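Commentary on secondary and tertiary structure
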Amino acid sequence: MLEFTIAGTAIVLPMSAAFALALSFILVLGAGPWLIPQLHKLKFGQAIREEGPQSHQAKSGTPTMGGMMIVLGLVLSTLVFADHTVEILLALFVILGHFALGFLDDYIKVVRKHNEGLKPRQKLLGQIIMAALVAVFGGLPTDLWVPFVGSIDLGYGFYALLFFVMVGATNAVNLTDGLDGLASGTVVVAAFFYMLVCLAMGKADLAILCAATIGACLGFLKFNYHPAKIFMGDTGSLALGGVMAALGILTHTEILLAVIGFIFVCEALSVIIQVISFKTTGKRVFLMSPIHHHFELKGWSEVRVVWTFWSVGAVAGALGLALYIFGKIS
């Protein structure tokens, strides 16, 4: 057990969280050398869209659906080391539900050879159904924590927020998954700072989920860092979006989620701004969206974009942690 204090707030890291991180890391690290050749044999390769950066065409055929490794690691580690509380079971439902949705989308793309996968409305319907199940059967309090104010009861408005956060977070992480190591590394950073927030709140089981997520994504980075040997696909990115959504909703820190997940917010906003601008004025604000492609087309190397986004994510995560600690003290 590791205990330290930040601005008067005690943070106790249980050994179970460290063990969860280690187990998920080892599981993913062990699964990679077996899964990657199997996906090659099955020809589960990623199709690269022609309108994307030309440098990405060389990635065509790289195995995808590697999110199976990530979900295997984080779910098993969480089940082993966390108590099976209602919060943990709800979080795993959100994660596995989005994993199934992403798996189906990837399956249609790579096996059925339909490049579009699920239609956007089909994917959205699946996300809405999962949000509705959590809202109806989750039994969640309807309060929202606001920095420097405290908890505010939103009443039925909480369920509208729940829908928005679940759909927004999962799609935002999905959009971030466009460069080697970008989504997995950014989730590592966000999950680390959310782990500290959960520990400061006394929610040790959710902190274990964070630790398991960190370990799984670190293990995946061994195979996904540039040049990537495997992509996570929607199988992984939607599941990891589910992790972020579950953490925000179950800790009632949806506002904090937007800060700690600043990179995800920027990625999603860049797409929204681009679409609105093009449809209303015929002009594009960015060279390409999501915004990581804009920097690529500005001449940045893929590695430079990834490391810059990781660094910005770390600053945002530290700001989010500070916002919680000092906002709570007030």
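Here the structure is shown first, and the text comes after it.
Residues numbered from 1 in each chain as written. Predicted model: local features only at pLDDT ≥ 70, side-chain atom pairs only at ≥ 80, totals over all residues. Heavy atoms only, no water.

Another aspect to go through is the overall build of the chain. Looking only at helices and strands, the chain has 12 helices and 4 strands in total. Its C-alpha atoms give the chain a radius of gyration of 19 Å, within 12% of the compact-globule value 20 Å for 330 residues. By residue count, 54% of the 330 residues in the chain fall in the buried class. Contacts in the chain between residues far apart in sequence, at least 24 positions, make up 74% of those at least 6 positions apart. Summed over its atoms, the accessible surface of the chain is roughly 14,500 Å², and 69% of this surface lies on carbon and sulfur atoms. The average position of the 19 basic charges and that of the 18 acidic charges among the side chains of the chain differ by 11 Å. (Helix = DSSP H or I, 4+ residues; strand = E, 2+ residues; numbered from the N terminus. Rg over C-alpha atoms; globule rule 2.2 N^0.38 Å. Buried < 20%, exposed > 50% of the residue type's maximum accessible area, 1.4 Å probe, protein only. Contact = heavy atoms within 4.5 Å. Areas by Shrake-Rupley, 256 points an atom, 1.4 Å probe, with all protein chains shown as cover. Lys, Arg positive; Asp, Glu negative; His and termini not counted. Charge placed at Lys NZ, Arg CZ, Asp CG, Glu CD.)

Closest axis-to-axis distance for the helix H5 (residues 157-176)/helix H8 (residues 233-250) pair is 7 Å, and the angle between their directions is 145°. Considering the relative orientation of H5 and H8, their crossing is right-handed. For the pair H5 and H8, contact is made by Phe-158, Leu-162, Val-165, Met-166, Ala-169, Thr-170, Val-173 and Asn-174 and by Asp-234, Ser-237, Leu-238, Leu-240, Gly-241, Gly-242, Met-244, Ala-245 and Ile-249, respectively. The class makeup of the residues in the contact of H5 with H8 is 11 nonpolar, 5 polar and 1 charged. (Axes fitted to C-alpha atoms, helices over the stretch in contact; angles between N-to-C directions. Left-handed = near helix turned anticlockwise from the far one by under 90°. Nonpolar A, V, L, I, M, F, W, Y, C, P; charged D, E, K, R; others polar.)

This next bit is on the environment of Ala-131. By secondary structure assignment, the location of Ala-131 is in helix H4 (residues 120-137). Since its relative accessible area comes to 0%, Ala-131 is described here as buried. Taking the C-alpha atoms as reference points, Ala-131 and Ser-270, separated by 139 residues in sequence, lie 24 Å from one another. Excluding anything up to four places from it in sequence, Ala-131 contacts Leu-162, Phe-163 and Met-166.

As a further point, take the packing of aromatic side chains. Working definition: an aromatic ring pair is given by the centre-to-centre distance plus the angle between the planes. Inspection of the entire model under this criterion finds 10 aromatic pairs. For the ring pair Trp-145 and Tyr-324, a centre distance of 5.1 Å and an interplane angle of 55° mean the geometry is tilted. Linking Trp-145 in strand E3 (residues 143-146) with Tyr-324 in helix H12 (residues 302-329), this pair joins segments that are 179 residues apart in sequence. As far as the burial class goes, Trp-145 and Tyr-324 line up, both buried. In textbook terms, an aromatic cluster arises when at least three aromatic residues are bridged by ring pairs, as seen for Tyr-156, Phe-158 and Tyr-159. The ring of Phe-278 has Arg-284 sitting right over it, with the charged end atom 4.3 Å from the ring centre. (Phe/Tyr/Trp six-rings, centres within 6.5 Å; stacked < 30°, edge-to-face > 60°. Lys NZ or Arg CZ within 6 Å of the ring centre and 35° of its normal.)

A separate point is empty space enclosed by the protein. Following the criterion strictly, the structure yields 1 cavity of 30 Å³ or more and no others. In this structure, the largest cavity spans a volume of roughly 40 Å³. Around the largest cavity sit Leu-90, Ala-91, Val-94, Val-134, Leu-140, Ala-246, Ile-249 and Leu-250, which together line it. Breaking the lining of the largest cavity down by element, the ones donating at least two residues are helix H3 (86-110) and H8. Across the lining of the largest cavity, the residue classes tally to 8 nonpolar, no polar and no charged. (1 Å grid on protein atoms, 1.4 Å probe; cavity = no way out; pocket = protein on both sides within 12 Å on 5 of 7 lines; lining within 4 Å. Points joined across faces, edges and corners; volume = space filled by probe spheres on them.)

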